Structure formats: C-alpha cells, structure tokens
Amino acid sequence: MKHFQKIKTPVLLLSESICRQNIKRMSEKTVRNKVKFRPHFKTHGSAEIGNWFREAGVDAITVSSIAMARFFSVNNWNDITVAFPVNIREIEDINDLLKRIRLNLLVENQEATKCLGKMLTGRTGIFLKVDSGYHRSGIDPENNKLIEEIFDLIDKFDHLEFMGFLTHAGHTYKSRCKEEVLRIHEETIRIMGSLKNKYQERYRKLILSVGDTPSCSIAEDFSGVDEIRPGNFVFYDLMQLHIGSCGYSDIAVAMACPVVSKHGVRNEIVIYGGAVHFSKEHLISQDGITFYGLIAEPMKGGWSHPIEGVWLSSLSQEHGIIKSQNRRFFDQVRVGDFVLVLPVHSCLTANLMKKFMLMDGRIIG
C-alpha cells in the first residue's frame, strides 16, 4: 500500500483481480447460454482493460460513440457496434472508420437511414434500435409501418446490411430487487422475440442484441437472444449493489480522496473529491439517507466493505462532505490522510477520471 501514500489528488483505484473475475464470470455465462459476448467498453474506456477482455476470448465490442470506436480501432478491435442512434453529422468520420473495421450502426428513423444509404462509402451493419420499455430512444416495437419503411430503405442500398434488433432495457437500473429485474428481462425477451418471429422470414440471419448489466448479471435464461452487451459489470458499483446485481466484493473501483478538513461539531470530514470526480448521482438508503458514495478502509490488496455509519453526504464541484456517526472513524482520520469512497455509478466516475491506479501502483488509462 506504500504507493497510495504518494496520492496528492483524487485517484480512482482499480482492483485488477476483481475486474478480471467479473469479466470471467460474465464470459462463462455467455458460453453457458450460447450467446455472443459483445461487451460495452464505455464503462472502462481503457485499452489495457480491453486487453483483459481479449484474453478472455472477446473479439467484438460495443462502444457509445464514433470517437470511442476510433480509439479502440487503433487498439486493434475490428468488429465494433456503436450503441447510440447514429449521428449523421459524423458521416465523414464513419466513412473513415469503414476503411479499417467492421462497423455496426443504430437507426430508429427514416431520415438517418436514408442519409446512411446515400453517403456511406463502405458496407455497414445496421441495427434497428427498439424501445423495450426504457423510453429513452428506439422504435415502438408495435410500429410496424415505421419498421417496414426503414427496412425498405435498408434494402434499397447494397452497402447497408440489416443485422437485427437491438435494445437496452435501461429501466432495470430503477429496480431495487432481483425479481423486478427479472420481470423486465422477461418482458424484454418477449418483445424482442416477437419481432424476430415477425420478420425472420424477410431476414433469415437477423439477430437479437440485449445488454443491460442488471439483467445480464441476474438472469440465467437468455433463450432466443443472440448476443449480450453489458458494460457496467466490469467494475460494478453501489447502484448495482442496491439493485442486486452484485455484492460488495464484486466492486472493482474505489476513489482515493485526500482529507482537507474536519468539523467536529457537525461530525463532518471535508475531502478533495466532488462532482467533477464522482458526478452527482446518488442513492437513498432504507432509512432515508441520501448518499453519493460509501466509505471503505484501505486493506492489503484493496479495501474493506463500507464502514457502518459513514457516508458521502454531499458534493459540490471539488468538495465532498463525509458525514460520520462512527466516532472511531471520525477520530482516527486526520487532515492529510486519504479516504476511500465506493462510487454510486462507476461508469460516470471512470469517464470523469480517465485513468486508474492499480493495486501495485501502476497507472493505466
């Protein structure tokens, strides 16, 4: 742990052993279910962590932007799905990528589909984005007229290849029990299966792609699904813990934050670690406490489970305020120490921090 004493500013610590175990567990699940594993790389955004996936047998990935696709293409990933409705203002960048890799794009309207048909210069896989209940983006699965109009446009252009239907059941993130996640998962599979049954005669090879971390972590039955695209599972976090997707020992990241002040009258500890490090996502405990992270103690090779009676109670831009009802913890923490904070949402935290410190002190990005 001697490397940690060199920490000057907030640093996102990463347990390689936990991360690799999370990858292994999900990979083994895909093998059991005979589905393709196309993990979402937006959570970690790291070339080195990407190699850990490669070592686990992964050869195709998901990203959330053309810029991210470009980054991973440079790192020798040649089969990439951009799981975000295509932004037609990036056509030039997409065409550049098509010279080097196999690329799949998402459409959900005629305008974007027509633009791709007219302006793309290379063969491109096209997924139809389906709204399976999250209501963020995607086509209503009952809107047969729109679906068939988009099909007709895809078929019009030889360089557009319809791949199948893709969805993200993001509403599982609002669940607070495994049973609710499984109910959403089963409904998602029903919706997607219905689309496959309806259109498989037209497209014999169409596939179904799903991929939220809660469903992929909790469910054991993926009948009818062809590929899964979870991302957050690589690190997990407190949100996934509250949903029931993981246990404390599966959380692979913790933020090390310097202590800059203490206020005994309020039982508060001020840390250098705010919204620009964690984001402002929060959870509410069963007893009604709002928290932005939980506090763990450093241990050999990692950190402890959360300390009882201590939580990150508020965030501003750079400041974080830790509330402590635990007198032992409050008294032992000194100005100049650092504390470890388990994040509510590891995806946003990792995106803000960009780099990770491994337990051996190495910095990776």
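Whatever comes next refers back to the structure up there.
This is a predicted model, so every value here is computed, not measured. (Residues numbered from 1 in each chain as written. Predicted model: local features only at pLDDT ≥ 70, side-chain atom pairs only at ≥ 80, totals over all residues. Heavy atoms only, no water.)

Draft legend 1. Up close: empty space enclosed by the protein. In total, this model carries two cavities of 30 Å³ or more according to the counting rule given. Considered as a void within the structure, the largest cavity measures approximately 50 Å³ in volume. Lining the largest cavity are Ala169, His185, Thr188, Val210, Gly211, Asp212, Ser215, Cys216 and Phe222. The set of elements that each furnish at least two residues to the lining of the largest cavity consists of helix 7 (178-199) and helix 8 (213-218). Among the residues forming the lining of the largest cavity, the class breakdown is four nonpolar, four polar and one charged. By volume, the second largest cavity amounts to about 40 Å³. Lys129, Val130, Asp131, Ser132, Tyr134, Arg136, Ser137, Thr167 and His168 are the residues that line the second largest cavity. Partitioning the lining of the second largest cavity into residue classes produces two nonpolar, four polar and three charged. (1 Å grid on protein atoms, 1.4 Å probe; cavity = no way out; pocket = protein on both sides within 12 Å on 5 of 7 lines; lining within 4 Å. Points joined across faces, edges and corners; volume = space filled by probe spheres on them. Helix = DSSP H or I, 4+ residues; strand = E, 2+ residues; numbered from the N terminus. Nonpolar A, V, L, I, M, F, W, Y, C, P; charged D, E, K, R; others polar.)

Draft legend 2. Representation of the layout of surface pockets. Here the largest pocket defines a volume of roughly 610 Å³. His40, Lys42, Ser64, Arg136 and His168 are the residues nearest the centre of the largest pocket, which is lined by 30 residues in total.

Draft legend 3. Spatial organisation of the side chain of Asn22. Tracing the chain through its elements places Asn22 in helix 1 (residues 16-33). Note on Asn22: relative accessible area 1%, which makes it buried. Here the side chain of Asn22 touches Arg25 through a polar contact of 3.1 Å, side chain to side chain. At 3.3 Å, the side chain of Asn22 and the backbone oxygen of Phe233 are in polar contact. Ignoring anything within four residues of it in the chain, the contact list for Asn22 reads Phe233, Val234, Phe235, Tyr236, Asp250 and Ala252. (Buried < 20%, exposed > 50% of the residue type's maximum accessible area, 1.4 Å probe, protein only. Polar contact = N/O pair within 3.5 Å; in protein donor to acceptor, adjacent residues only side chain to side chain. Contact = heavy atoms within 4.5 Å.)

Draft legend 4. Region of interest: the environment of Ile363. Here Ile363 lies in strand 21 (residues 363-364). C-alpha separation for the pair Ile363 and Val11, spaced 352 residues apart in sequence, amounts to 9.8 Å. With near-sequence residues (within four places) excluded, Ile363 lies in contact with Lys355, Phe356 and Met357.

Draft legend 5. Examining the pattern of salt bridges more closely. Inspection of the entire model under this criterion finds 25 salt bridges. The salt bridge partner of Lys36 is Asp59, with a shortest N-O separation of 3.2 Å. You can see Lys36 sitting in strand 2 (residues 36-37) and its partner Asp59 sitting in the loop between helix 2 (47-55) and strand 3 (61-63), a full 23 residues away along the chain. A relative accessible area of 33% places Lys36 in the partly exposed class. (Salt bridge = Lys/Arg side-chain N within 4 Å of Asp/Glu carboxyl O.)

Draft legend 6. View of the sheet that holds strand 2. Taken in spatial order, the eight strands of this open sheet run 2-9-8-7-6-5-4-3, and their pairing is parallel. A strand with exactly one partner marks an edge of an open sheet, and here the two such strands are strand 2 and strand 3. Contacts from helix 3 (residues 66-74) reach strand 3, strand 4 (79-85) and strand 5 (102-107), with the element oriented near 170° to strand 4. (Pairing = 2+ DSSP bridges. Axes fitted to C-alpha atoms, helices over the stretch in contact; angles between N-to-C directions.)

Draft legend 7. Just helix 12 (residues 346-353), in detail. Every buried residue of helix 12 is accounted for by Ser346, Cys347, Thr349, Ala350 and Met353. Looking down the long axis of helix 12, one finds its buried residues gathered within 165° of arc, a one-sided arrangement. At its buried positions, helix 12 is contacted by strand 1 (11-14), strand 10 (253-263), helix 10 (275-278), strand 19 (338-343) and strand 20 (356-358). Positive phi shows up at Lys354, right after helix 12, with a value of about 75°. (Arc of directions from axis to C-beta.)

Draft legend 8. Molecular detail of the packing of helix 6 (residues 144-156) against helix 7. Orientation of helix 6 relative to helix 7, taken along the N-to-C sense of each, is 55°, at an axis distance of 13 Å. The pairing of helix 6 with helix 7 is recorded here as oblique in orientation. Regarding helix 6 and helix 7, the two cross each other, and that crossing is right-handed. Seen from helix 6, the contacting residues are Asn144, Ile147, Glu148 and Phe151; seen from helix 7, they are Leu195, Lys198 and Tyr199. (Parallel < 35°, antiparallel > 145°, perpendicular 65-115°, else oblique. Left-handed = near helix turned anticlockwise from the far one by under 90°.)

Draft legend 9. Representation of unusual backbone geometry in the model. With a phi close to 55°, Lys34 is a non-glycine residue in the positive phi region. Structurally, Lys34 can be placed in the loop between helix 1 and strand 2. For Lys34, a relative accessible area of 76% puts it in the exposed group. One non-glycine residue, Asn267, lies in positive phi territory at about 55°. Residue position: Asn267 is located in the loop between strand 10 and strand 11 (268-272). Since its relative accessible area comes to 25%, Asn267 is described here as partly exposed.

All quantities given are derived from atomic positions and should not be read as evidence of function.
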